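# Tertiary structure, described
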Amino acid sequence: MKKKKKKIFLRRMRGQLSVVMVLLTFALLFLVGKIIYINVTNGAKYKQRVLSQKRYRSISVPYKRGDILDTNGTILATSNKIYNLVIEPKNILEREANKDATVEALEKYFDITPEEMSEYLKDSNSQYKVIRKKLNYPEVKAFNEYRANDADGKKVIGVWFEEDYVRVYPYNEMACHLLGFTVSGNEGLSGIEGYYNDVLNGEEGRTYSYLNTDLNLENKTEAPVNGLSLVTSLDLEVQKIVQKNAEEYMKLIDTKNVSVLVMRPDNCEILAVYNSHQYNPNEPYNTDTIRYQFKNEETGNPMTDDEYEAALASMTDADKVEHLEDVWRDFAVSDNYEPGSTYKTFTISGALEDNKVSLDDQFYCQGYLQVADATIRCHHTSGHGMVTTVQALEKSCNPGLMQIAKKEGRETFDKYQKLFGFGQRTNIDLNGEPGAATLKSLVYDVDSLNSVELATSSFGQGVTVTMMQLGTAFCSVINGGNYYEPHVVRQIIDSDGNVIENHKDVLVRKTISEETSKNMREMLQGVVTEGTGGLAAVDGYSIGGKTGTAEKIPRGNRKYILSFIGFAPVEDPQVVIYCLVDEPDPDNPKFTSTGCILFHMIAEDLLPYMNIYKTDSDDPESEGETEMPVDIFATDTDATQDDIGDTGTLNGNGGETDGATN
């Protein structure tokens, strides 16, 4: 076997390698020499450039959050520019000759004493220190003019202004629950501010420094993108009318809460929402707003100033926020309750639509009705006698409604319960609506509508709703049977007023026919002209509506929710006003008619503002004209609502539960 020959490292190859090594050595020596030369001749120059790079700042430029406007273009929420005063302690200290001029200027224009400045300058390595916040433009302008035009002002160094925005609500408490408010970082809480937070917010810009190709420090600014604005259906004048009359009303009636919802029935736009426990969105954490929640445990009277201050001192911040959340909460959207007899509107609507009853069908009321082993009483304890379907609604007769519901049967009753949106979200574009699972649990479904549950649900006891649910459903009853999603925002616009998006009315489904809707409008007018809603009438206008009274759980505690939901004009509904009074004083002589009185007060001012003409404006003998049967402020209310104050009872299995009245 042949041996492999070894490769021989030739003399020529070794020579070539030596040459390469020599060349590399000379190259390295040249580079080292060049670096030394640059460092010796231009070291100071490049050192300054490196230091300037180390002082690089990247500063965010805030965007302006979008405005919220009412339907007429009035600004309800906006963001005003403010300025934060920033100093650079390191720069000020490095240039002693300019330090005194800077300190004097800050004292002159911003009342910053030399002692304060000494404290701020202790952080000698800082290039950024905010020493005053929320300065307005005139303050900043005066200082800048001094720096630009005065010889001493030109010596000022290391001082600049950082722009920011603060959310402002020009009308303070007005429409606070609809609007909501923002916290630091442009985070919207509740109402429109919360629901449309992402739309209202924009994108921050940034100012930053960098070294260009010549190693010079340059500044560059990327402009912020401002948020979009919202045009709402809210009418500030309607809101003012509602608030003025509600506040006047509460001087007559001592009550836990008053809530009012005003809507356009043809598309369920929200015109106004009012809750009596208001707050100022400009200072939402002001604890004065929660004072009503505290009473002296021994006397039950409101706390004195000293007592309230002591109570506040004993609370943690978390406790205070919990109380404040009750104030911020929008009752009309978030809270649920038994509606009482306003619910009869929907029981009868479904029965008429499916031909389970006719307008002339008759039912006998002896003051109570035996259902299974329960005795369910009417508010009119001596009985209404024989009543038609129309009269059952006008007189708010519980036994009449229970017999109507029995004719419907639980399948039909539950069908219309769903069609009218009870037990479901309305999808109102406001924060705070309960979840679908919660709402579903608040009504009896077809499987749980046993005979007693069907009977009591027919007149609004046992079933639980929100104001937004009931108001939206009522609109569909009177507008021809069209169930729309309620909404408060009409348009989204940019900062130049260009329309980005128009809200389209969302027709969800058909509830009843136009014929049934027409019959219901006429029947609801009869409630005002012939029945329990007499005090809601406004002279010259055709008004329809329904009263409601429900005793709160636990029964027998004399705590009620009284309400009236009405509309005008009957022939062509333009507005729905839903008034709810939570726990009015039952000993007040006006107690039995509280919902009607509040409706009357609001409608008397609101209808002329909305250019809703009186029914007798063209025809003096119009049959639609209604007159107030009695003075709404009279202490004798016997002539008003057909014994509405008498509370019916439900007796069964040895127990007693107060039923819904009126």
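### Quick word on the overall build of the protein
- From N to C terminus, the protein includes 20 helices and 25 strands.
- Across the 662 residues in the protein, those meeting the buried criterion constitute 50%.
- Of the roughly 31,800 Å² of accessible surface on the protein, a fraction of 48% belongs to carbon and sulfur atoms.

### Describing the packing of aromatic side chains
- This structure, assessed with the given rule, holds 21 aromatic pairs.
- Each residue in the set Tyr109, Phe110, Phe143, Tyr146 and Phe161 is aromatic and connected to the rest through ring pairs, giving one cluster.
- Lying over the aromatic face of Tyr483, Arg509 brings its terminal NZ or CZ to 4.4 Å of the ring centre.

### What to know about a negative patch on the surface
- A grouping of Glu173, Glu247, Glu283, Asp288, Glu297, Glu298, Asp306, Glu307 and Glu309 is seen on the molecular surface, where their side chains present a negatively charged patch.
- Examining the composition of the negative patch, we find that 3 residues originate from one element, helix α10 (residues 305-313), more than from any other.
- Mapped onto the fold, Glu173 is located in the loop between β5 (159-168) and α6 (176-179).
- Judged by relative accessible area, which is 33%, Glu173 ranks as partly exposed.

### Regarding the nonpolar core
- In terms of nonpolar packing, the biggest core is built from 123 residues, with Val260, Val262 and Ile577 touching the most fellow members.
- Among the elements that take part in this core, helix α20 (residues 594-609) stands out by supplying 9 residues, more than any other.

### Section: a nonpolar patch on the surface
- The grouping of Leu17, Val20, Met21 and Leu24 at the surface amounts to a nonpolar patch, some 380 Å² of accessible area in total.
- Mapped onto the fold, Met21 is located in helix α1 (residues 11-54).

### Some words on the pattern of salt bridges
- Scanning the entire structure with this criterion turns up 26 salt bridges.
- Put simply, Arg65 and Glu193 hold a salt bridge, and the shortest N to O gap is 2.8 Å. You can see Arg65 sitting in the loop between β1 (58-61) and β2 (68-69) and its partner Glu193 sitting in helix α7 (residues 191-195), a full 128 residues away along the chain.
- A relative accessible area of 0% places Glu193 in the buried class.
- Across the pair Glu193 and Arg167 runs a salt bridge, and its minimum N-O distance is 2.9 Å. Here Arg167 lies in strand β5 and Glu193 lies in helix α7, a separation of 26 residues in the sequence.

### Points about helix α13 (residues 344-353)
- Judged by how many residues are buried, α13 sits mostly within the fold: 9 of 10 residues are covered.
- Looking only at α13, the buried set comprises Lys344, Thr345, Phe346, Thr347, Ile348, Ser349, Gly350, Ala351 and Leu352.
- The positive-phi residue at the C-terminal boundary of α13 is Asn355, with phi of around 55 degrees.

### Observations concerning the side chain of Lys344
- Locating Lys344 in the fold gives a position in helix α13.
- Here the side chain of Lys344 touches Ser341 through a polar contact of 3.0 Å, side chain to side chain.

### Structural notes on the packing of helix α9 (residues 236-250) against α20
- Viewed as axis vectors pointing N to C, α9 and α20 meet at an angle of 145 degrees, and their least axial separation amounts to 9 Å. Crossing angle aside, the handedness with which α9 passes α20 is right-handed. Counting all contacts with α9, which are made through Glu237, Val238, Ile241, Val242, Lys244, Asn245, Ala246, Glu248 and Tyr249, the residues of α20 involved are Thr594, Ile597, Leu598, Met601, Ile602, Asp605, Leu606 and Tyr609.
- Residues of the contact of α9 with α20, tallied by class, amount to 11 nonpolar, 2 polar and 4 charged.

### Points about the pairing of strand β15 (residues 374-377)
- Two strands pair when backbone bridges link them, and strand β14 (residues 368-371) and β15 are joined in this way by 4 bridges, in the antiparallel orientation. In the strand pairing of β15, Gln370 is matched with Thr375.
- Hairpin connection, β14 to β15: the antiparallel pair is bridged by 2 residues, and Ala372 has positive phi, about 55 degrees.

### Details of helix α5 (residues 137-149)
- With 13 residues, α5 should reach 18 Å at 1.5 Å per residue; the first-to-last C-alpha distance of 18 Å fits that figure.
- Burial in α5 covers these residues: Val140, Phe143 and Tyr146. Taken down its axis, α5 places every buried residue within 125 degrees of arc, on the same side. For α5, the exposed residues set more than 90 degrees away from the buried face come down to Pro138 and Asn149.

### Remarks on the confidence of the model for the protein
- Chain-level pLDDT for the protein is 86 on average; 86% of the residues reach the 70-or-more range.
- Considering only residues more than four positions removed or in separate chains, one finds that residues 617-630, a stretch of pLDDT under 50, has 28 contacts.

### With respect to unusual backbone geometry
- Along the chain, Ile553 connects to Pro554 via a cis peptide bond; the corresponding omega equals 0 degrees.
- As for its position among the elements, Pro554 is in the loop between β21 (544-551) and β22 (560-568).
- A cis geometry characterises the amide bond from Ala568 onward to Pro569, with omega recorded as -15 degrees.
- Summarising the element assignment, Pro569 is placed in the loop between β22 and β23 (575-582).
- You will see that Asn172, though not glycine, has its phi angle at about 55 degrees, which is positive.
- Along the chain, the position of Asn172 falls in the loop between β5 and α6.
- At Asn427, a position not held by glycine, the phi torsion is positive, near 65 degrees.
- Mapped onto the secondary structure, Asn427 falls in the loop between α15 (398-419) and α16 (436-440).

About the cut-offs
- Residues numbered from 1 in each chain as written.
- Predicted model: local features only at pLDDT ≥ 70, side-chain atom pairs only at ≥ 80, totals over all residues.
- Heavy atoms only, no water.
- Helix = DSSP H or I, 4+ residues; strand = E, 2+ residues; numbered from the N terminus.
- Buried < 20%, exposed > 50% of the residue type's maximum accessible area, 1.4 Å probe, protein only.
- Areas by Shrake-Rupley, 256 points an atom, 1.4 Å probe, with all protein chains shown as cover.
- Phe/Tyr/Trp six-rings, centres within 6.5 Å; stacked < 30°, edge-to-face > 60°.
- Lys NZ or Arg CZ within 6 Å of the ring centre and 35° of its normal.
- Patch = residues over 30% accessible without salt bridge, like charges linked within 9 Å, V, L, I, M, F, W, Y side chains within 5 Å.
- Salt bridge = Lys/Arg side-chain N within 4 Å of Asp/Glu carboxyl O.
- Lys, Arg positive; Asp, Glu negative; His and termini not counted.
- Charge placed at Lys NZ, Arg CZ, Asp CG, Glu CD.
- Core = buried A, V, L, I, M, F, W, Y, C linked by side-chain atoms within 4.5 Å.
- Polar contact = N/O pair within 3.5 Å; in protein donor to acceptor, adjacent residues only side chain to side chain.
- Axes fitted to C-alpha atoms, helices over the stretch in contact; angles between N-to-C directions.
- Left-handed = near helix turned anticlockwise from the far one by under 90°.
- Contact = heavy atoms within 4.5 Å.
- Nonpolar A, V, L, I, M, F, W, Y, C, P; charged D, E, K, R; others polar.
- Pairing = 2+ DSSP bridges.
- Expected span 1.5 Å × (residues − 1).
- Arc of directions from axis to C-beta.
- pLDDT = per-residue confidence, 0-100.

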